Amino acid sequence: MTSVVLVGTLDTKGVEYGWLRERLLRAGVEVVLVDTGIMGEPRVAADVPREAVARAAGTELSDLRAAADRGAAVTTMARGAEAALARLHAEGRLHGVLAIGGSGGTSIATRAMRALPLGVPKLMVSSMASGDVAPYVGSADITMMYSVVDIAGINSVSAPVLANAAEAVAGMAKAFQRASMELRRPARLGAGARPLVAASMAGVTTTGVDAARERLTELGYEVLVFHSSGTGGRTLETLAGQGIFAGVLDLTLGELADDLCGGILTAGPDRLSAAGRAGIPQVVSLGALDMVKFGPLETLPERARYRRIRIHNPSITVIRTTETECAELGRRVAAKLRASTGPTAVCLPLRGLSALGAPGGPYHDPRADGALFSMLREGLRGSAARLYDYDTHINDPAFGRAAADRLHTMIGAVSAAA
């Protein structure tokens, strides 16, 4: 039987969760109700009570109440909800999850959702969904639905919104369960499956990465391309950490330049770390490290207004990284790759790192690029990472194909040794 988990605070949203449970039962799914409330009494009975959620986080509900620290309590119950949902998923009792709430409820539920595997249906109905949802979604496949009105009773506005949410998650959960059952059938195991490879790409590295993707496809891989938009890089890191990739072709590292220089498309300090920690074969290049991305031109920080500026599109303005910044980026990339536990190769396109940085382009700067290459070489001296020079720019199709062939060879060597 298909099972949907409802997770939320049953003291403040108990009526609404009771209503949702009835809608889901009428839609033909079982319901497991997880209570993450703290202070008030639950207004509907839970299948996983709040006391159990608190214990899953390593504490007692009475201690949370006595401390009277709402922020700490929300964090603790979020951790407990994460553990509770992981257990339900492992037991085969979770084919989809639905939650409703304001800022606190959304914070608790989405933390639990983010810990579930890719593909498990996750739907959050929230009064926060019309704003910046990045802190809630992260790099997970969470669907956010705006509640329109605050979730405070069932009324002429909230009823159709919540009804749609219930029907949506019921449908997704049924489809997910059917797909899971198909994948578990022995006749299907491994049939037609292709090894997964992750690739990073930006608009300014598209030609080179496309050539690499096409070559890897010819070699029998399924290539998942992640846009280096901050979120894309974080998602790549998350999935690499889950071990789903046979290899990573990380040709575009522009998010690291944004992280160093205060750009808007940073993926955070952990970018370029997960594949190395997991021991996954990786081929790395330095695509788009010759630029930092900001918002529209009028939002450009004062410190950047005297740099080499290009309007990439109405929403993105870029500046050229300096020689000093490039040297620091080389040091950071080397430090990350030195820590890799798996096969690592670095392909250096000596004639340019992006469409703007190719010979004749506005960001072509051999001196700045040279500082990047030099510091990278120095930082990797004596490490297991191998460096390969190519007398071309990153968007030369020959460079992309060569990088793809190198990754294929590395994956093959790992498979042969296994």
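All figures in this text were calculated on a predicted structure; none of them were measured in a lab. (Residues numbered from 1 in each chain as written. Predicted model: local features only at pLDDT ≥ 70, side-chain atom pairs only at ≥ 80, totals over all residues. Heavy atoms only, no water.)

Note on placement: T2 falls in the segment before β1 (3-8). Expressed as a C-alpha distance, the spacing of T2 and R178, which sit 176 residues apart in the sequence, is 9.1 Å. Setting aside residues no more than four positions away along its own chain, T2 makes contact with V29, E30, H95, A173, K174 and Q177. (Helix = DSSP H or I, 4+ residues; strand = E, 2+ residues; numbered from the N terminus. Contact = heavy atoms within 4.5 Å.)

In this section: the pairing of strand β3 (residues 96-101). In the case of a regular strand, side chains alternate between the two sheet surfaces. The element β3 is extensively covered by neighbouring structure, given that 6 of its 6 residues are classed as buried. Residues G96, L98 and I100 point to one face of β3 and V97, A99 and G101 to the other, with burial holding for every one of them. The pairing of β1 with β3 spans 3 bridges and is classified as parallel. Directly across from V5, in β3, lies its bridge partner V97. Relative to strand β4 (residues 122-126), β3 runs parallel, the two sharing 5 bridges. Directly across from V97, in β4, lies its bridge partner K122. Of the crossover connections in this fold, the one passing from β3 over helix α5 (residues 103-114) to the parallel β4 is right-handed. (Buried < 20%, exposed > 50% of the residue type's maximum accessible area, 1.4 Å probe, protein only. Pairing = 2+ DSSP bridges. Right-handed = clockwise from strand over helix to strand, strands pointing away.)

Let's shift gears to empty space enclosed by the protein. Once rolled over the atoms, a probe with the size of a water molecule shows which space is left empty. For the structure on display, the rule yields 1 cavity of 30 Å³ or more. Taken as a whole, the largest cavity encloses approximately 30 Å³ of empty space. Those elements giving two or more residues to the lining of the largest cavity turn out to be α9 (231-241), β8 (247-252) and α11 (274-278). Examining the composition of the lining of the largest cavity, we find that 3 residues originate from one element, α11, more than from any other. Residue classes in the lining of the largest cavity are distributed as 5 nonpolar, 3 polar and 3 charged. (1 Å grid on protein atoms, 1.4 Å probe; cavity = no way out; pocket = protein on both sides within 12 Å on 5 of 7 lines; lining within 4 Å. Points joined across faces, edges and corners; volume = space filled by probe spheres on them. Nonpolar A, V, L, I, M, F, W, Y, C, P; charged D, E, K, R; others polar.)

Everything listed here is a matter of coordinates, which is why it stays silent on function.
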